[in-house]
Each structure stands twice: as C-alpha cells, then as structure tokens.
Amino acid sequence: MVKKTVLKVDTSCHKCKKKLLKAISGLQGVDKIEVDAAKGTISVTGDADPYEIIVCTRKAGKYVDLVSVGPPPAPPKQESQKKPEDKKPDPKAQIHNPASCPVCQQMSVVYLDGYAEPNIACSIM
C-alpha cells in the first residue's frame, strides 16, 4: 500500500541534505522524495515502511520528527483532455547578452591588449 510519510528534519546544510536523500532513496519501496526547505520537511511517497525511513535518517546522523503518515494526495483531475500545443523555445532566453544582464553589468571587465601593456617581458617570480 502506497503511503506518504512526512518527516521534520533540519535540511539547512547542502551536504547533509544530499547524504540524507541518498540514504532514503536507497530504501526499497521509495517512489518519490520531496524536500521542503522552507518548512524543513521531507515527504517520502511509496511502499517503504515509515519505521525504516526513520531508522535510515537517524543512521545518516539526523534527528527526525514524524509529522504524519497517510495516503498520498490524489492527483489533480483534468476536466478536459487538451492536446498540448507545440511551444517553441524563446530564442532570447537562450542567448546571454552581457550588455543587458544586470549581474554582468555589476562586474567590471578590463580588456587587455598585448601592445598596450607597458612591459611584456617583465614577470614576477
């Protein structure tokens, strides 16, 4: 039977979150793992035993609180079957223009010309 297990875990550290996801995904019966960093929760959907999930997270070195165990939410119903239209990618989204990028404008770019350098042979040893 498919269950949704919600756990409260501190996932502020990227390395710890990666270790935790690797440990949980190694369990048999795990179909889907969702991480909500804002709430500090991890939702595990699948046939995996909630006790095994808790034991696995504690072995990964994290303190865990069980929030809920229950059936997964039903998928949203589609009222009418619409054919997906072929969307063409926006060509402007794929091209990076440093002149119009606000992040690139904050950086100062200095173009060096070999002839403008005062002493090319000088090097610091």
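Refer to the structure above for everything that follows.
Notes on the structure follow. (Residues numbered from 1 in each chain as written. Predicted model: local features only at pLDDT ≥ 70, side-chain atom pairs only at ≥ 80, totals over all residues. Heavy atoms only, no water.)

### What to know about the overall build of the chain
Turning to step 1, where the next piece is worked out: Assigned secondary structure in the chain consists of four helices and four strands.
Turning to step 2, where the next piece is worked out: For the chain, with 125 residues in total, the buried portion stands at 20%.
Turning to step 3, where the next piece is worked out: Contacts in the chain between residues far apart in sequence, at least 24 positions, make up 64% of those at least 6 positions apart.
Turning to step 4, where the next piece is worked out: When the accessible surface of the chain is totalled, it reaches about 10,800 Å², and 56% of it is carbon and sulfur. (Helix = DSSP H or I, 4+ residues; strand = E, 2+ residues; numbered from the N terminus. Buried < 20%, exposed > 50% of the residue type's maximum accessible area, 1.4 Å probe, protein only. Contact = heavy atoms within 4.5 Å. Areas by Shrake-Rupley, 256 points an atom, 1.4 Å probe, with all protein chains shown as cover.)

### Remarks on the nonpolar core
Turning to step 1, where the next piece is worked out: Residues Leu7, Val9, Leu20, Ile24, Val30, Ile42, Val44, Ala48, Ile53, Ile54, Ala60 and Val64 constitute the largest nonpolar core, which totals twelve residues.
Turning to step 2, where the next piece is worked out: For this core, the secondary structure elements donating two or more residues are β1 (3-9), α1 (14-25), β3 (41-46) and α2 (50-59).
Turning to step 3, where the next piece is worked out: In this structure, Val44 is in contact with Lys3, Lys4, Thr5, Ile24, Val30, Lys32 and Ile53, ignoring residues within four places of it in sequence. (Core = buried A, V, L, I, M, F, W, Y, C linked by side-chain atoms within 4.5 Å.)

### A look at the sheet that holds β3
Hydrogen bonds along the backbone pair up the strands of a sheet, which may run parallel or antiparallel.
Turning to step 1, where the next piece is worked out: The four strands lie next to each other as β2-β3-β1-β4, forming an open sheet whose pairing is antiparallel. The sheet terminates laterally at β2 (30-36) and β4 (64-70), the two strands that pair on one side only. Taken over all neighbouring pairs, the strand axes of this sheet differ in orientation by 20 degrees on average, direction set aside. (Pairing = 2+ DSSP bridges. Axes fitted to C-alpha atoms, helices over the stretch in contact; angles between N-to-C directions.)

### Let's talk about the side chain of Thr11
Turning to step 1, where the next piece is worked out: With respect to the helices and strands, Thr11 occurs in the loop between β1 and α1.
Turning to step 2, where the next piece is worked out: The exposure class assigned to Thr11 is buried, which follows from its relative accessible area of 8%.
Turning to step 3, where the next piece is worked out: Not counting chain neighbours up to four residues away, the residues in contact with Thr11 comprise Lys17, Leu20, Val35, Ala37, Gly40 and Ile42.

### Comments concerning the environment of Asp10
Turning to step 1, where the next piece is worked out: By the secondary structure assignment, Asp10 is in the loop between β1 and α1.
Turning to step 2, where the next piece is worked out: A relative accessible area of 49% means that Asp10 is categorised as partly exposed.
Turning to step 3, where the next piece is worked out: Along the primary structure Asp10 and Gly40 are separated by 30 residues, whereas in three dimensions their C-alpha atoms are 5.8 Å apart.

### Digging into the pairing of β3
Turning to step 1, where the next piece is worked out: Burial within β3 is extensive, with six of its six residues counted as buried.
Turning to step 2, where the next piece is worked out: Of the two faces of β3, the one carrying Thr41, Ser43 and Thr45 and the one carrying Ile42, Val44 and Gly46 are both buried.
Turning to step 3, where the next piece is worked out: Pairing between β1 and β3: six bridges, direction antiparallel. Bridge pairing in β3 places Val6 opposite Ser43.
Turning to step 4, where the next piece is worked out: In the sheet, β2 pairs with β3 via six bridges, with the strands oriented antiparallel. Each residue of the ladder has a partner; that of Ile33, found in β3, is Val44.
Turning to step 5, where the next piece is worked out: The hairpin formed by β2 and β3 contains four residues between the paired strands, and Gly40 there has a positive phi angle of roughly 75 degrees.

### Here's the deal with α2
Turning to step 1, where the next piece is worked out: Of all the positions in α2, only Pro50, Ile53, Ile54, Cys56 and Thr57 are classed as buried. Around the axis of α2, the buried residues are gathered within 160 degrees of arc, so they sit on the same side. When the buried face of α2 is taken as reference, the exposed residues oriented beyond 90 degrees from it are Tyr51 and Lys59.
Turning to step 2, where the next piece is worked out: The inward-facing, buried residues of α2 abut β1, α1, β3 and β4.
Turning to step 3, where the next piece is worked out: Gly61 sits one or two positions beyond α2 and adopts a positive phi of about 95 degrees. (Arc of directions from axis to C-beta.)

Read these as layout, nothing more, since geometry by itself doesn't imply function.
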